[in-house]
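# Understanding the architecture of this molecule
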Amino acid sequence: MPKYILLRIARWIPGVILLLLFVYALMFYGAGDPVRLMFLKEPGDVAWDTERMNAIREELGLNRSFLVQFGEYIGKVFKGDLGNSLVQRRSVNDMIKSTFPVTLQIALAAAFLVGLFGIPLGIIAALNQNGFWDNLILGAALFVWSIPSFVTAPLLMVLLCLNFKILPVPYGWKGVFTVNAILPLFVASFRPMALVIRQTRTGVISVLSEDYIRTAKAKGLSGFTIVVKHALRPVLTPVVTQLGIVFSNLISGSLFIEIIFGIPGIGRLMKSSIVDSDYSALMGCVLVILAVITLINLIIDIIYPLLDPRLRAQQVREK
Amino acid sequence: MTLNTEMQMPPTQINPLEEDTNTKPFSIWQDSFGRMMKNKLVVISLVLIIILLFMAIFGPYITPYDYLAQDLTKRNESPSAMHWLGTDQLGRDVFSRVIYGARTASLVSLLVVFLSSLIGLVVGSIAGYVGGKVDFVLMWITDLIMAFPYLILGVVISVSLRPPLTEWMEDRFLATGNPIFRQTSFVDVFIVIIVITSTAWPPYARLVRSQVMMVRGQNYVTAARALGLSQMKIVRKYIIPNSIGPVIVQMSAGLGSAMLTESALSFLGIGIRPPIPSWGNMIQDGLLVWRTAPHLLVAPAVVLGLMTVAFSFLGDGLNDALNPKQWK
């Protein structure tokens with residue numbers, strides 16, 4: 001088992017380094033001169049004073065070659081230092097520390113909701129295969145899946161807050177268990193639920209035709225016991241994987257929900273750093289999101305054989 | 001029984017059960033089309049998409065107002081007989097702008113699907129046909145891009161492409177004096193297409209690769225090789241035509257998702273930017289005044305929602321019609 005985990009990690013590292021290099025190179029060559037960007041918003045014309053600019057550049061070590069700077073940046077990143085913001089006088093670490101927990105809360109709560117409602121709905125659909133409920137649930141899932149969150153969120157906002165006045169206008173973030181959180185969480189869990197429903201449905205349908213389920217039926221077990229105790233176990237493995245993917249999508253898709261509902265999370269930080277051309281903050285956000293997603297992928301890879309004994313047996317056999 | 005010689009159909013793909021029926025002979029494509037037309041949702045989606053294309057081509061000539069014409073005396077007006085969907089912050093007609101948005105959306109998504117399926121076809125068929133180390137490296141890159149969240153990649157590419165491109169355009173303008181280089185919308189469309197294409201091609205490559213690997217072992221390919229046909233010719237004449245079916249399904253889904261990504265980028269302010277209307281940037285603009293003028297938000301959101309739903313139902317219908325393995 002430890003060997004398997006190490007192998008997985010070893011496979012991830014070159015990919016991660018390559019991605020970092022790619023992102024850094026794009027920012028380095030594309031984004032423009034960071035020193036000039038730093039002073040463009042300051043009073044006075046420092047930004048056009050070439051001599052002073054060169055002095056500052058030398059002082060900050062920005063005139064060295066790309067690879068040297070990249071190496072230094074990687075070294076710092078692995079120590080957990082993301083550098084300083086170009087626009088605000090704060091470290092990027094600080095900015096992310098104050099925003100990321102909010103995004104994490106939303107993503108966790110939404111992923112929980114997705115599992116809570118998605119799995120039962122998928123089971124219901126599978127048990128009524130090709131029946132009315134199945135068609136309804138599948139149709140609704142496809143419908144919901146095709147609408148992006150930046151369309152659902154505004155429409156629901158207009159409908160519920162303006163036309164029916166059921167909910168107060170959500171703005172800002174005060175925690176998961178407040179009225180303000182209802183709409184963002186609903187919108188966030190809306191689309192991914194379709195994925196989980198479909199996955200659960202196909203899983204349950206394929207499992208129901210297996211021999212051991214027939215045995216359970218022949219033994220006279222109730223439908224509920226058969227589904228929950230026997231059919232669900234092998235289905236849950238791919239569903240858990242799917243939930244991991246859903247979670248990483250929620251983190252990177254937080255941009256839309258946070259912009260629309262004014263939630264001070266990492267997505268909004270990203271948006272504001274795009275607007276302000278604050279590339280070091282943007283880079284920090286990108287790296288943190290990437291790190292989380294890589295971590296999730298790694299965890300999925302590692303727990304997959306733990307959840308599914310068949311895979312574990314296969315590994316033993318391969319040895 | 002008509003053999004579709006143009007598509008180089010291998011005889012095995014034709015349903016032998018149809019041979020002794022008395023009905024008129026029909027090809028596998030007609031058969032698929034007939035099956036697709038039985039699904040009402042698919043027909044509705046198809047109609048919506050045809051309307052979209054019509055709007056994209058002829059829209060700007062039939063709208064009552066110019067999409068840029070401002071009338072500051074009529075700002076944020078609600079829908080009325082004169083302005084069917086009301087007016088926006090600058091008094092522009094929202095209906096005309098939504099219709100012009102169809103042009104932006106279709107232009108971008110058609111080009112993206114064309115480019116990304118082309119790249120996918122090339123990469124996938126090379127990886128699948130050549131195999132070995134080439135296959136390993138190409139698929140590693142493909143997987144890496146697929147594992148990367150497309151939105152984050154999009155943000156990074158678009159943010160870093162814009163400054164150098166804008167600079168280059170300005171240089172060209174100063175050098176040539178040609179006003180075409182002052183058109184910022186060209187840069188926008190170019191960047192959006194590059195961004196979406198670079199994240200959209202991996203699924204095509206994977207799909208084509210698996211298809212090619214399946215077709216590669218068929219007897220007619222071995223026969224072609226035995227006849228001494230060149231590698232290029234085998235790939236072009238036998239492998240690609242026989243593996244294209246699922247790619248068509250993917251292309252239909254790709255149109256919808258490219259449209260969605262374009263709006264998403266425009267919504268974030270890094271795609272198509274005002275004054276050129278895109279549904280995404282209209283939603284973003286509408287968000288500023290949604291409490292007083294909700295129609296600014298609702299109009300583009302509903303149209304975008306309808307279009308993405310239409311593409312996804314069409315993709316689903318195409319999948320049912322074209323993938324014979326799922327027939328039950």
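Just above sits the structure.
Counting of residues starts from 1 at the beginning of each chain's written sequence and follows it residue by residue. Whichever chain is written first becomes A and whichever ligand is written first becomes 1, with later ones labelled in order. Owing to the predicted nature of the model, reporting of local features is limited to residues with pLDDT of at least 70; listing and counting of side-chain atom pairs is limited to 80 or more, with chain, interface and lining totals taken over all residues. Think of the side-chain values as coming from all heavy atoms in the structure, minus any hydrogens and water.

Within chain B, the secondary structure is distributed over 11 helices and zero strands. When the helices and strands of chain B are placed in sequence order, the string is α-α-α-α-α-α-α-α-α-α-α. The classification of residues rests on relative accessible area computed with a 1.4 Å probe and restricted to protein chains. Under 20% of the type maximum is buried, over 50% is exposed, and intermediate values are partly exposed. Each of the 328 residues in chain B was classed as buried or not, and the buried ones make up 47%. Contacts in chain B between residues at least 24 apart in sequence constitute 67% of all its contacts with a sequence separation of at least 6. We count a stretch as a helix when DSSP gives it H or I for four or more residues in a row; a strand needs E for two or more, and each element gets its number in order from the N terminus. A contact between two residues is defined here by any heavy atoms of the two lying within 4.5 Å.

Expected span of a helix, by definition, is 1.5 Å for each gap between consecutive residues, and there is one gap fewer than residues. With 36 residues, helix 5 (residues 92–127) of chain A extends 50 Å from end C-alpha to end C-alpha; this agrees with the ideal 52 Å at 1.5 Å per step. Remark: the principal bend of helix 5 of chain A, roughly 30°, maps to A:Thr99, with a proline, A:Pro101, within the next four residues. Given a residue, its bend is the angle between the two axes fitted to the seven residues that end at it and to the seven that start from it.

A few words on the environment of A:Ser91. Residue and element names in this part refer to chain A. Relative to the helices and strands, Ser91 is located in the loop between helix 4 (66–78) and helix 5. In the structure, Ser91 is positioned 154 residues away from Ile245 in sequence and 30 Å away in space, judged by C-alpha atoms. Among residues more than four places away in sequence, those in contact with Ser91 are Gly83 and Asn84.

This part takes up the interface of chain A and chain B. Taken residue by residue, the interface counts 41 residues in chain A and 39 residues in chain B. Joining two parts hides part of their accessible area as seen by a 1.4 Å probe, and the buried area is that hidden amount summed over both. In total, about 3,500 Å² of surface goes out of reach between chain A and chain B, with carbon and sulfur atoms giving 85% of it. Salt bridges, as used here, are contacts in which a Lys or Arg side-chain nitrogen is within 4 Å of a carboxyl oxygen on Asp or Glu. The interface formed by chain A and chain B contains one salt bridge. For A:Arg198, the salt bridge identified is with B:Asp316, shortest N-O distance 3.8 Å. Whenever a nitrogen or oxygen atom comes within 3.5 Å of another N or O atom, the pair is scored as a polar contact, on the condition that within protein one atom can donate a hydrogen and the other can accept it, and that pairs from neighbouring residues in sequence are kept only if both atoms are in side chains. Put simply, chain A and chain B have three residue pairs in polar contact (both at pLDDT 80 or more) between them. Contributing elements (two or more residues each) for the side of chain A that touches chain B: helix 1 (2–30), helix 6 (132–146), helix 7 (149–163), helix 11 (254–261), helix 12 (266–275) and helix 13 (279–307) of chain A. Top element by residues in the side of chain A that touches chain B is helix 1 of chain A. It accounts for 10 residues. In terms of residue class, the side of chain A that touches chain B is built from 34 nonpolar, five polar and two charged. When residues are sorted by character, Ala, Val, Leu, Ile, Met, Phe, Trp, Tyr, Cys and Pro go into the nonpolar class, Asp, Glu, Lys and Arg into the charged class, and all the rest, Gly among them, into the polar class.

Another point: the nonpolar core. With 160 residues, the main nonpolar core has A:Phe150, A:Phe261, A:Met270, A:Leu282, B:Phe267 and B:Trp279 as its most contacted residues. Taken domain by domain, this core gets at least three of its residues from each of domain 1 (2–78) and domain 2 (93–318) of chain A. Setting aside its immediate chain neighbours within four residues, A:Phe150 contacts A:Phe256, A:Ile260, B:Leu260, B:Ser263, B:Ala264, B:Phe267, B:Ile283 and B:Leu304. Only buried residues count toward a nonpolar core. Its members are Ala, Val, Leu, Ile, Met, Phe, Trp, Tyr and Cys residues joined through side-chain atoms within 4.5 Å. Domain start and end points were adopted from an automatic or database domain assignment.

Glancing now at the pattern of salt bridges. Residues and elements named next belong to chain B. Applying the stated criterion across every chain, the model contains seven salt bridges over all chains. Here Asp135 makes a salt bridge to Arg209, at a shortest N to O gap of 2.7 Å. In this pair, Asp135 sits in helix 4 (residues 132–147) while Arg209 sits in helix 6 (residues 184–216), placing the two residues 74 residues apart along the sequence. The pair formed by Asp135 and Arg209 is uniform in burial state, with each residue classed as buried.

Turning to a nonpolar patch on the surface, a few remarks are in order. Residue and element names in this part refer to chain A. A residue counts toward a patch only above 30% relative accessible area and without a salt bridge, and it is joined to like-charged neighbours within 9 Å or, for Val, Leu, Ile, Met, Phe, Trp and Tyr, to nonpolar neighbours within 5 Å. Per-residue accessibility takes into account occlusion by the displayed protein chains alone, with areas from the Shrake-Rupley method and a 1.4 Å probe. Together, Leu236, Val240, Leu295, Ile299, Ile303, Leu306 and Leu307 make up a nonpolar patch on the protein surface, roughly 520 Å² of accessible area in all. Breaking the nonpolar patch down by element, the ones donating at least two residues are helix 10 (223–252) and helix 13. Tracing the backbone shows Val240 in helix 10.

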